[in-house]
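# Remarks on the overall topology
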Amino acid sequence: MSIITNQEIDIVQASASKINTIDFENLSFGNVFTDHMLVCDFINGEWQKPHICPYEPFLLDPSAKVFHYGQAIFEGMKAYKDEHNDVWLFRPEQNFERFNKSAIRMAMPEVPEEIFMGGLKTLVNLERDWVKKGVGKTLYIRPFMIATGTGVIAAPSTDYRFMIILSPAKSYYSGEVKVVIAEHYSRAANGGIGAAKAAGNYSAQFYPTKLANEKGFQQIIWTDDATHTKLEESGTMNVFFRINDTLYTAPTSERILDGVTRKSLIAIAERDGFKVDVRPVLVSEIVEAAENGTLKEIFGAGTAAVVNPIVGFSFQDKYYELPKLENSIALQLKEKLTNIQYKISEDTFGWTVKV
């Protein structure tokens, strides 16, 4: 191993890279990781100096608060390589800001910008050979923070660990997606942590999603916790509905995540003349639109898949198939967004950041 020291970050490089053992054409999402990771601890009320080291397991005390009270947050981002071998991030400041909003909501310390952004850029630059060229090929970036303080008293931790790990990914395709509209279970509640990317938000979805899977559906479109009449998110993604030629999506709230892909798609749609209506979307109006033929598309929006078209939905045990379109707005928006991310089209928004 070699050690590089600079003013901001200490880097301990792996003695050998495993990159040549990886089949980049046959990657399972989120299961392969690069050679290095970033680590920074919060101890005695202060952030310590961050360091980059070889990717490896680490030890935690069995009484670490993350195990008992679930203080854990994360983000999902990607790096892209253009045809000139330059590496780019997409709106990383949005992930940084949302990460700290999640930290505040979970009574965790905010991560300083120089640690989050500086560490992110240093780590991605070190691993830039893992970012492969070609639309659909990316380096998935997972910043996260866990409570490492010890003791089983029900109180916030005093110590925390912030980390970033990287995972090469290829074009995400999950096949045809059929969803069921939730009538009982909810993803989040008013006053809860739905707007935070907290680990518990995702684990709470697993059981109702398992029930949906057993009935032949891949995901759930979540409804509001109070009345189950308003459509909110699809699985772990924000969701859009196209009725005639208007896109509808729910506004962000303390139940709905402020998705970076969501807000980017809205901006592109509005720039290019598509009508977008951000307002509460009722189950009844989507069912009515499906019945009268005006419901054209439903699609999820998120970091992993960018846009995930939905082919049909079930509500109250009745299934509604969506039409197969040649002029899909969902796929148009996906192409426009990915062309910006891969620097194929001009970034008129100033969203891309060179590493």
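The structure we're discussing is the one just above.
Residues numbered from 1 in each chain as written. Predicted model: local features only at pLDDT ≥ 70, side-chain atom pairs only at ≥ 80, totals over all residues. Heavy atoms only, no water.

Our next topic: unusual backbone geometry. Phi is positive for Arg 91, close to 50°, though the residue is something other than glycine. Position of Arg 91 relative to the elements: it lies in the loop between strand S8 (87–90) and helix H2 (92–105). Using a relative accessible area of 10% as the deciding quantity, one classes Arg 91 as buried. Phi is positive for Lys 343, which is not a glycine, with a value near 65°. (Helix = DSSP H or I, 4+ residues; strand = E, 2+ residues; numbered from the N terminus. Buried < 20%, exposed > 50% of the residue type's maximum accessible area, 1.4 Å probe, protein only.)

Judged by which residues are buried, strand S15 (residues 246–249) turns out to be covered on both faces: Thr 246 and Tyr 248 on one side and Leu 247 and Thr 249 on the other are all buried. Both strand S14 (residues 237–243) and S15 contribute to a ladder of 4 bridges, which runs antiparallel. Following the sheet pairing, Phe 240 is matched in S15 by Thr 249. Where S15 and strand S16 (residues 275–278) come together, 4 bridges link them in parallel fashion. For Thr 246, the partnering residue across the bridge sits in S16 and is Lys 275. Following the chain from S15 across helix H5 (residues 260–271) to the adjacent parallel S16, one finds a crossover that is right-handed. (Pairing = 2+ DSSP bridges. Right-handed = clockwise from strand over helix to strand, strands pointing away.)

Packing of H2 against helix H3 (residues 113–126) leaves a shortest axis separation of 11 Å and a crossing angle of 140°. Looking at the two axes, H2 sits oblique to H3. As for how H2 packs across H3, the hand of that crossing is right-handed. Seen from H2, the contacting residues are Pro 92, Glu 93, Asn 95, Phe 96 and Phe 99; seen from H3, they are Glu 113, Phe 116, Met 117 and Leu 120. (Axes fitted to C-alpha atoms, helices over the stretch in contact; angles between N-to-C directions. Parallel < 35°, antiparallel > 145°, perpendicular 65-115°, else oblique. Left-handed = near helix turned anticlockwise from the far one by under 90°. Contact = heavy atoms within 4.5 Å.)

This part covers the nonpolar core. Judged by nonpolar contacts, the single largest core of 53 residues is most densely connected at Phe 116, Ile 141, Met 145 and Phe 162. When neighbours within four sequence positions are excluded, Phe 162 is seen to be in contact with Leu 38, Val 39, Cys 40, Trp 47, Phe 99, Val 111, Ile 115, Phe 116, Pro 143, Phe 144 and Met 145. (Core = buried A, V, L, I, M, F, W, Y, C linked by side-chain atoms within 4.5 Å.)

Following both chains from N to C, one finds H5 and helix H7 (residues 329–341) inclined at 105°, their axes separated by 10 Å at the closest point. Classified by the interaxial angle, the pair formed by H5 and H7 is roughly perpendicular. Of H7, the residues touching H5 (which contributes Thr 261, Ser 264, Leu 265, Ile 268, Ala 269 and Arg 271) are Leu 333, Lys 336, Leu 337 and Ile 340. When its residues are assigned to classes, the contact of H5 with H7 shows 6 nonpolar, 2 polar and 2 charged. (Nonpolar A, V, L, I, M, F, W, Y, C, P; charged D, E, K, R; others polar.)

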